[in-house]
Amino acid sequence: MATSDVADHNHYSKLAISFHWITAALFLLLYIAVYYRIFLTERGDTLNLATIRIHTFCGVLVGLIAILRLVWRRISPPPDDLPGTAIEHFAARAVHISLYVFMIVMPLSGYLGLSVASVPLSWIGIPKFEDTMLYAWLIAGVFELTWEEFEGPVDWLHHSLGKAVVWVFIVIHAAAALFHHFIRRDRTLWRMVPVDALAPDSTAHNNKPDHHTRGWHTVWARTFEVISKQETRSLS
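Scope of this entry: the structure provided in the associated data block. Quick caveat: nothing in here was measured; it's all calculated off a predicted structure.

Cut-offs used in this document
- The written sequence of each chain sets the order in which its residues are numbered from 1.
- It should be noted that, the model being predicted, local features are given only for residues of pLDDT at least 70 and side-chain atom pairs only at 80 or more, the latter also being counted only at that level, while totals for whole chains, interfaces and linings use all residues.
- For the side-chain quantities, the full set of heavy atoms in the structure was used; hydrogens and water were omitted.
- By the criteria applied, helices consist of DSSP H or I runs no shorter than four residues and strands consist of E runs no shorter than two, each listed in order from the N terminus.
- Classification of residues uses two cut-offs on accessible area relative to the type maximum, computed with a 1.4 Å probe and protein chains only: under 20% is buried, over 50% is exposed, and between them is partly exposed.
- Here, two residues are considered to be in contact whenever any of their heavy atoms come within 4.5 Å of each other.
- We get accessible surface area from the Shrake-Rupley algorithm with a probe of 1.4 Å; when it comes to residues, only the shown protein chains can shield them.
- Note on method: axes are straight lines fitted to C-alpha atoms, helices fitted across the in-contact stretch only, with angles between N-to-C directions ranging 0 to 180 degrees.
- Each crossing gets its hand from how the near helix is turned against the far one by less than a right angle, where anticlockwise is left-handed and clockwise is right-handed.
- Polar here means any residue outside two lists: the nonpolar Ala, Val, Leu, Ile, Met, Phe, Trp, Tyr, Cys and Pro, and the charged Asp, Glu, Lys and Arg; Gly therefore counts as polar.
- Buried residues of nine kinds, namely Ala, Val, Leu, Ile, Met, Phe, Trp, Tyr and Cys, make up a nonpolar core once their side-chain atoms join them within 4.5 Å.
- With a 1 Å grid laid over protein atoms only, a set of points is called a cavity when a 1.4 Å probe fits there but cannot get out and a pocket when it is open yet has protein on both sides within 12 Å along at least five of seven lines; lining residues have an atom within 4 Å of a point.
- Grid points are joined across faces, edges and corners, and a volume is the space filled by probe spheres set on the points.
- Two rings from Phe, Tyr or Trp (for Trp, the six-membered ring) form a pair when their centres are within 6.5 Å of each other. A pair whose planes differ by under 30 degrees is stacked, one over 60 is edge-to-face, and the rest are tilted.
- Here, a salt bridge means any side-chain nitrogen of Lys or Arg that lies within 4 Å of a carboxyl oxygen of Asp or Glu.

**With respect to the overall build of the protein**
Then comes step 1: A tally of regular secondary structure across the protein gives six helices and zero strands.
Then comes step 2: Starting at the N terminus and walking to the C terminus, you meet the elements of the protein as α-α-α-α-α-α.
Then comes step 3: Split into buried and exposed, the 236 residues of the protein put 34% on the buried side.
Then comes step 4: Of the contacts formed within the protein by residues at least 6 apart in sequence, a portion of 66% connects residues at least 24 apart.
Then comes step 5: Only carbon and sulfur atoms are counted for the fraction: they give 70% of the accessible area of the protein, which is about 14800 Å².

Encoded structure:
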């Protein structure tokens, strides 16, 4: 079965899969950029500026994609839950909801705490928050806070979540997927694989992989199987 444009009971849609893996790549890149900046650059040098721009750019994309993902989930709901206990389903939903919250809160708090206009926001004419009418009316006017009084807690929230919380949920999410793949041997991870032709057939096995699905060698075996079928068709 080929991956479709909309989700079915066995597989995520192509767009949902693309959103997922692009977000994963962006998270990896933004963490590499920010820690490279912290440990391997000096404040004010060229690499320091480049890495913070990469970090900001990736963060903006993560936030935008998170909003698109939420919209797409309404249009194309995810596939049915695989068999599991109520506690497992609750934990999975809790982690997913937390990750979505982080994907919106982190870019937002990063923007609110920017002390200078930054790429890519400056490319499309978005000023730093301190220069907006909303800041002047709400933060400076209603709450009567200076920029330093406002920026400090926001910056602390952004960095504290990034350093001590977000990556923990990412590890839990990834570890759960690997647990389902290698221990439970179900289709949890396969449902997010872009090429469904490589995944074990679930329709004949009630969402349980066959006895050949033993570790990563399955990917190679099914890859060669698909290639062989394609070569056979081309020769016939």
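**A few points about the packing of helix α1 (residues 14–40) against helix α5 (residues 147–184)**
Then comes step 1: Between α1 and α5, the least distance of the axes is 13 Å, while the angle of their chain directions is 145°. Where α1 crosses over α5, the two elements pack in a sense that is left-handed. Counted together, His-20, Phe-27, Tyr-31 and Tyr-35 of α1 and Gly-162, Lys-163, Val-166, Trp-167, Ile-170 and His-173 of α5 form the full contact between these two elements.
Then comes step 2: When its residues are assigned to classes, the contact of α1 with α5 shows six nonpolar, three polar and one charged.

**Concerning the nonpolar core**
Then comes step 1: Within the largest apolar cluster, 20 residues are counted, with the highest numbers of intra-cluster contacts made by Phe-27, Leu-30, Val-62, Met-103 and Val-166.
Then comes step 2: Elements that contribute at least two residues to this core include exactly α1, α2 (46–75), α3 (86–112) and α5.
Then comes step 3: Considering each element in turn, this core owes the most residues, seven residues, to α1.
Then comes step 4: Non-local contacts of Met-103, meaning those with residues more than four positions away in its chain, are made with Thr-23, Phe-27, Val-62, Gly-63, Ala-66 and Arg-69.
Then comes step 5: Counting 10 residues, the second-largest nonpolar core is a separate cluster that includes Tyr-111, Leu-112, Leu-114 and Ile-139.

**Side note on the layout of surface pockets**
Then comes step 1: When its volume is computed, the largest pocket comes out at roughly 1600 Å³.
Then comes step 2: Around the largest pocket, the lining is made up of 50 residues, and of these Tyr-12, His-20, His-96, Leu-99 and His-173 lie nearest the centre.
Then comes step 3: Secondary-structure elements contributing two or more residues to the lining of the largest pocket are α1, α2, α3 and α5.
Then comes step 4: Partitioning the lining of the largest pocket into residue classes produces 33 nonpolar, 10 polar and seven charged.
Then comes step 5: The space that makes up the second largest pocket amounts to roughly 1400 Å³.
Then comes step 6: Considering the residues around the second largest pocket, the lining is formed by 50 residues, among which Ile-52, His-55, Thr-56, Gly-110 and Leu-114 are closest to the centre.
Then comes step 7: Counting residues per element, the lining of the second largest pocket draws most heavily on α2, which supplies 14 residues.

**Thoughts on the packing of aromatic side chains**
Then comes step 1: Within this structure, the stated rule accounts for nine aromatic pairs.
Then comes step 2: Note on Phe-129 and Tyr-135: the rings are 5.7 Å apart at their centroids and 80° apart in plane angle, and the pair reads as edge-to-face. Here Phe-129 matches Tyr-135 in class, with each residue buried.
Then comes step 3: Centre to centre, the rings of Trp-147 and Phe-150 are 5.8 Å apart; their planes meet at 45°, and the pair counts as tilted. Separated by three residues within a single helix, Trp-147 and Phe-150 lie in helix α5, roughly one turn from each other.
Then comes step 4: Given the relative accessible area of 10%, Trp-147 is considered buried.

**Thoughts on the pattern of salt bridges**
Then comes step 1: The full count for this structure, using the stated rule, is three salt bridges.
Then comes step 2: The salt bridge involving Lys-128 is made with Glu-130; its shortest N-O contact spans 3.4 Å.

**Observations regarding unusual backbone geometry**
Then comes step 1: Even without a glycine there, the phi angle at Glu-144 is positive, about 55°.
Then comes step 2: Judged by its relative accessible area of 63%, Glu-144 is exposed.
Then comes step 3: Non-glycine residue Arg-185 carries a positive phi angle of around 55°.
Then comes step 4: The residue Arg-185 is located in the loop between α5 and α6 (217–235) in this model.
Then comes step 5: With a relative accessible area of 29%, Arg-185 lands in the partly exposed category.

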